[in-house]
Amino acid sequence: MTYAVCMALPISLITAGLLAFMLYSQQANIRASAAAAERYEVAAIQERMTQEVQRAADVVRFLSQLQAVAQPVSADASGSQAEQDFLAFLLNRPVYRQIRLLDTAGMERIRVAAHVGTAPRVVPPGQLRDESASLSFRMARDLDKGRVFISALDLTRESGTIVVPHEPVIRLSTPVFGADGLRLGVLVLNLDGRVFIDMLRSTPTDMAVRSLIDTSGSWLAAPDPSWLWANDLGHEHRFCRLTKANWTELCTCPKGQFGSDDIVTHQLFVPGAVVGNVATLREYGLDGAEQPYAWVIISRLPAAAIAAQSGHLLRLMVFVGLGLLALIAGGSWIASGWLVRRLALQDELHEAALFDELTGLRNRRFGFLLLQQELKHAQRSRRPLTLLVADVNNLKTINDTHGHATGDELLKATAHLLESNLRGTDIVARIGGDEFLVILPETALKEAMIAVARIYQQARQLHEGAFGGYGVDFAYGGTEFDPLNPVSIETLFADADKVMYLHKRNIKKSRGQKLTRDSDRQKI
């Protein structure tokens, strides 16, 4: 007891000191780690936005090239194949809210629309509008084939009135060409903007507050809902007015991080850059002159959240420290006993995976693995190798007549005889119920057959009648691996197996027995 206390006390003190040092050093790194995690999360959000825009751009290109779309648009397209295709598409892809087909003058010829909570519907011809003044039409009508224009993220309007409840969308437009290459109009696809806003939502364990603004200063996702959509609703709650600091950096720097207390991480995302068609704020009709239209992803990790991480670490380390001290004081022998049992179990599992439980020889898996290695060695050294296959005779008869225990003794005697009469470099494996594999490295077939014939005769003499009236008796066959003309393991084994079977047939023929082959033999 005294010895255990003397050992445990200094170890406990050392452990406590190490924990205190780790806590001090980790507290210094918590802020840096939190900052790195925020940079990674914001970059991941930007990547998901990029993928969503690219996916939508591919969709609008696909729709514009449908056979029903790439043909002249009639004044009344009601009931057309294109209209049916658009309706079916929106029914199956609810993330898209509207598809419009405009002619070269900007007049709607087809509009299929869906609002939140309602199924898509075809808009009657009498309600189709002139969209020649819309940005989506003007910016896409002169684009080359396959090019896409992406609008600002704003609120859906019907007849000039903002739809309530608010439905944020972005519009992707691309020109439509006929089979003859002539322009037929513009296709406009509305993508539900909530897809991007939902990407900013924090998980229950994430304490960061994330927002989205555009480079005009309008909030697209904000901590306070009353700040949203300044460009559409006409209020003054813009980011640049509420938070004047760092505004220039946010709008011009691709990404960055600042803050002495809170950690504010930002990254610029230009939707138009995804499709290679960047427009300025002026072209979008927004304040900001020639500055490119972009979104700014902002993530603010409050100082309180960083402090909470430090407190969590402190509690964790205290708990771990107490647990370690308890283990040192009263559980050392439990750990050592577990370790001994674990190592013993690993040894048992290792042996079970490689060796035959009955005979102690290598099992089929291990035997063929070693054969593969020896064949490679033989080929490199240009030395011969002989492969033998031996099959125990009368095992089924012995099992049926005298029981499996007698058959098992026969198998063990055969295994012992083979292994004890070969060289230490030779390999013996049990590969089936009554079948053995013998690998003789650097041995020609003639030498190998002499050796195995000697063992065969010895077996007949030593164990005659020892197993229910039968002795150790086996058929064998072999083949030589020529390193100058190598063959596969499968071919080599099949050749040896064929010779063994011929030997088995000759044995039975010479003894006047009917040729049968044991049903329990396993094939490679």
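Before reading further, recall that the structure is shown in the block above.
K.L.:
With reference to specific residues and values, describe the overall build of the protein.
P.N.:
Within the protein, the secondary structure is distributed over 15 helices and 18 strands. Taking all 524 residues of the protein together, 45% fall into the buried category. The long-range share in the protein, meaning contacts at least 24 apart out of those at least 6 apart in sequence, stands at 63%. Carbon and sulfur atoms provide 57% of the accessible area of the protein, an area that totals close to 27200 Å².

K.L.:
Requested: an account of the packing of helix H12 (residues 395-402) against helix H13 (residues 404-420), with residues and values cited.
P.N.:
Interaxial distance between H12 and H13 falls to 7 Å at its minimum, and their mutual angle equals 145 degrees. For the pair H12 and H13, the contacting residues are Leu 395, Ile 398, Asn 399 and His 402 in the first and His 404, Thr 406, Gly 407, Leu 410 and Leu 411 in the second. Along the lines of polarity and charge, the residues of the contact of H12 with H13 split into four nonpolar, five polar and no charged.

K.L.:
Describe the sheet that holds strand E15 (residues 385-392), listing the residues and the values that go with them.
P.N.:
Overall, antiparallel pairing links the four strands, which are arranged E16-E17-E15-E18 in an open sheet. A single partner strand is all that each edge strand has here, and the edge strands are strand E16 (427-430) and strand E18 (474-481). Taken over all neighbouring pairs, the strand axes of this sheet differ in orientation by 15 degrees on average, direction set aside. Across the sheet, helix H11 (residues 364-381) is in contact with E15, E16, strand E17 (435-441) and E18; its angle to E17 comes to roughly 25 degrees. Across the sheet, H13 touches E15, E16, E17 and E18, and the angle it forms with E17 is around 5 degrees.

K.L.:
So what about the packing of H11 against helix H15 (residues 489-510)? Which residues, and what values?
P.N.:
Contact geometry of H11 with H15 gives a least axis separation of 11 Å together with a crossing angle of 110 degrees. As judged from the angle between their axes, H11 and H15 are roughly perpendicular. Seen from H11, the contacting residues are Phe 368, Leu 371, Gln 372 and Leu 375; seen from H15, they are Ile 489, Leu 492 and Phe 493.

K.L.:
Which residues make up the pairing of strand E8 (residues 168-177), and what values do they have?
P.N.:
Counting buried positions over the ten residues of E8 gives ten, a clear majority of the element. The sheet contact formed by strand E4 (residues 149-150) and E8 spans two bridges and is antiparallel. Bridge assignment links Phe 149 to a residue of E8, and that residue is Ser 173. Note that strand E5 (residues 154-155) and E8 share two bridges and pair antiparallel.

K.L.:
Tell me about the pattern of salt bridges, and name the residues and values.
P.N.:
Overall, the coordinates contain 23 salt bridges when judged by the stated rule. Across the pair Arg 48 and Glu 41 runs a salt bridge, and its minimum N-O distance is 3.7 Å. Residue classification places Arg 48 among the partly exposed positions, given a relative accessible area of 34%. Look at Glu 41 and you get partly exposed, because its relative accessible area is 25%. Residues Lys 504 and Asp 391 are paired through a salt bridge, measuring 2.8 Å at the closest nitrogen-oxygen approach. Of this pair, Lys 504 sits in helix H15 while Asp 391 sits in strand E15; the two residues are 113 residues apart in sequence, bridging distant segments of the chain. Of the two residues examined, Lys 504 and Asp 391, each falls in the buried class. Bridged by salt links that share partners, the residues Arg 100, Glu 108, Arg 111, Arg 129, Glu 131 and Glu 158 form one connected network.

K.L.:
Pulling in residues and values, what's your account of the sheet that holds strand E11 (residues 219-221)?
P.N.:
The strand order across the open sheet built from five strands is E11-E10-E14-E13-E12, with neighbouring strands paired in antiparallel fashion. The sheet is open, and its two edges are formed by E11 and strand E12 (255-258), each paired on a single side. Taken pair by pair, the neighbouring strands of this sheet meet at an average axis angle of 25 degrees, ignoring direction. Direction of pairing for E12 relative to strand E13 (residues 263-269): antiparallel, over a ladder of four bridges. Bridge pairing links Lys 255 to Gln 267 in E13.

Definitions and limits used
- Residues numbered from 1 in each chain as written.
- Predicted model: local features only at pLDDT ≥ 70, side-chain atom pairs only at ≥ 80, totals over all residues.
- Heavy atoms only, no water.
- Helix = DSSP H or I, 4+ residues; strand = E, 2+ residues; numbered from the N terminus.
- Buried < 20%, exposed > 50% of the residue type's maximum accessible area, 1.4 Å probe, protein only.
- Contact = heavy atoms within 4.5 Å.
- Areas by Shrake-Rupley, 256 points an atom, 1.4 Å probe, with all protein chains shown as cover.
- Axes fitted to C-alpha atoms, helices over the stretch in contact; angles between N-to-C directions.
- Nonpolar A, V, L, I, M, F, W, Y, C, P; charged D, E, K, R; others polar.
- Pairing = 2+ DSSP bridges.
- Parallel < 35°, antiparallel > 145°, perpendicular 65-115°, else oblique.
- Salt bridge = Lys/Arg side-chain N within 4 Å of Asp/Glu carboxyl O.

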